[in-house]
Amino acid sequence: MVGYIIRRLLYIIPTIFGVAVLVFVLFTAAGEDPVRVALGQHATPQAIADLEALWGLDQPLWRQFISFLGQIVTFNYGESYFTGEVLSEAFASGALVSLSLTLPPFVFGLVLNIAIAMMIAYYRDTWIDRFSTATAVISMSFSYLVYIIAMQYFLAYEFEWFPINGYAPGWDALPYLALPWLIIILVSIGPDVRIYRTIFLNEMQANYVRTARAKGVSERSILFIHILKNAMIPILTFTIVAVPFLILGSFLMERFFSIPGLGDLMITAINNGDFPVLKGMTMYITMTYALFNLLTDLLIAAVDPRVKLH
């Protein structure tokens, strides 16, 4: 197991190097000139030269690339071109805010959606199954944006049950996060319940379920003891792959509710052409995605004794 983990971690290195090359080419060699974006088209040659020297853009490309690799290794991506903020601090504070926005509804929604899917699978081919499936399909037919605009207008503006937007540090953030949490949970119910229901129904047709029924095991025991454990393998695969994106937060949610997370930081960087932020965020996404893929394999091996990692 230890050898497998070390080998998978070593495999990540060429992946990160390849992504670093692409990111550098896109944002540095082939991208828009950030100095021109910052100073405008009427800047003097001296002002352009001074800013290029300040940002290190007067160096040869190969030296800039070596510097970029050093930033990846040290997790120090320098400072923002436009705000001057130290990016390691901006990423850390933004990640905490994004996680406070996405992690609670993700965990609660996961438990809730598995419970609903199990109930639907238990009452399969009944009106509960048909009604729930139809409701899930209808809920998936509406855009994420429709949920945000409609619930922000009615629940926050008309009924004044929640703040319309804003954010406060610490526990004071709870009133501002309550409505985004509710929206995230509601939006996840439709697609997640449909996938989990399919997984549970497939497991119900397996040979070990027929054997358990033949031995007189009750349907509830089969569902909660046997089927749930085996269904966790595809559910884990489906769920953990989505975890890295929790750190990024929900772009739309952070934008509409003025929550200063990583999603809001990235959208602002795209609008401003703030390349250090974009390069740093891209590399963080790549690394977290690779690490959580490894975590997925380890968890699958933990819940399924048939899987052997060598």
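Conventions we followed
Residues numbered from 1 in each chain as written. Predicted model: local features only at pLDDT ≥ 70, side-chain atom pairs only at ≥ 80, totals over all residues. Heavy atoms only, no water. Helix = DSSP H or I, 4+ residues; strand = E, 2+ residues; numbered from the N terminus. Buried < 20%, exposed > 50% of the residue type's maximum accessible area, 1.4 Å probe, protein only. Areas by Shrake-Rupley, 256 points an atom, 1.4 Å probe, with all protein chains shown as cover. Contact = heavy atoms within 4.5 Å. Salt bridge = Lys/Arg side-chain N within 4 Å of Asp/Glu carboxyl O. Axes fitted to C-alpha atoms, helices over the stretch in contact; angles between N-to-C directions. Parallel < 35°, antiparallel > 145°, perpendicular 65-115°, else oblique. Left-handed = near helix turned anticlockwise from the far one by under 90°. Nonpolar A, V, L, I, M, F, W, Y, C, P; charged D, E, K, R; others polar.

## A word on the overall build of the protein
For the protein, the count of helices and strands is 14 helices and zero strands. When the helices and strands of the protein are read in sequence order from the N terminus, they spell out α-α-α-α-α-α-α-α-α-α-α-α-α-α. When the backbone C-alpha atoms are referred to their principal axes, the protein occupies close to 85 × 60 × 35 Å. A buried classification covers 37% of the 310 residues belonging to the protein. If you sum the accessible surface of the protein, you get close to 17100 Å²; carbon and sulfur atoms cover 68% of it.

## Examining unusual backbone geometry
Excluding glycine, a negative phi dihedral is what most residues carry, and trans is how most peptide bonds are arranged. The backbone of F75 shows a phi angle near 60°, a positive value even though the residue is not glycine. Relative to the helices and strands, F75 is located in the loop between α4 (61–74) and α5 (87–122). Judged by relative accessible area, which is 42%, F75 ranks as partly exposed. The backbone of E160 sits at a positive phi, close to 55°, despite the residue not being glycine. Among the structural elements, E160 can be located in the loop between α7 (144–158) and α8 (174–204).

## A few points about helix α13 (residues 262–272)
Of the residues making up α13, those classed as buried are L262, G263, D264, M266 and A269. Of the residues flanking the end of α13, it is G273, one or two places downstream, whose phi is positive at about 70°.

## So, the side chain of T286
With respect to the element layout, T286 can be found in helix α14 (residues 275–303). When residues no more than four places from it in sequence are discounted, the contact partners of T286 are I16 and V19.

## A look at the pattern of salt bridges
Across all of its chains, the model carries three salt bridges by this definition. Across the salt bridge formed by E219 and R213, the nearest N and O atoms sit 2.6 Å from each other. According to the relative accessible area criterion, E219 is partly exposed, its value standing at 31%. Classification of R213 by relative accessible area gives partly exposed; the value is 29%. When the shortest N-O distance is used, the salt bridge between R255 and D264 registers 2.8 Å.

## Some thoughts on the packing of helix α9 (residues 207–214) against helix α10 (residues 219–240)
For the pair α9 and α10, the least separation of the axes is 11 Å and the interaxial angle reads 155°. One finds that α9 runs roughly antiparallel with respect to α10. Along this stretch, α9 crosses α10, giving a crossing that reads as right-handed. Contacts from Y208, V209, A212 and R213 of α9 reach α10 at E219, I222, H226, I227 and N230. Of the residues that constitute the contact of α9 with α10, the class distribution is five nonpolar, two polar and two charged.

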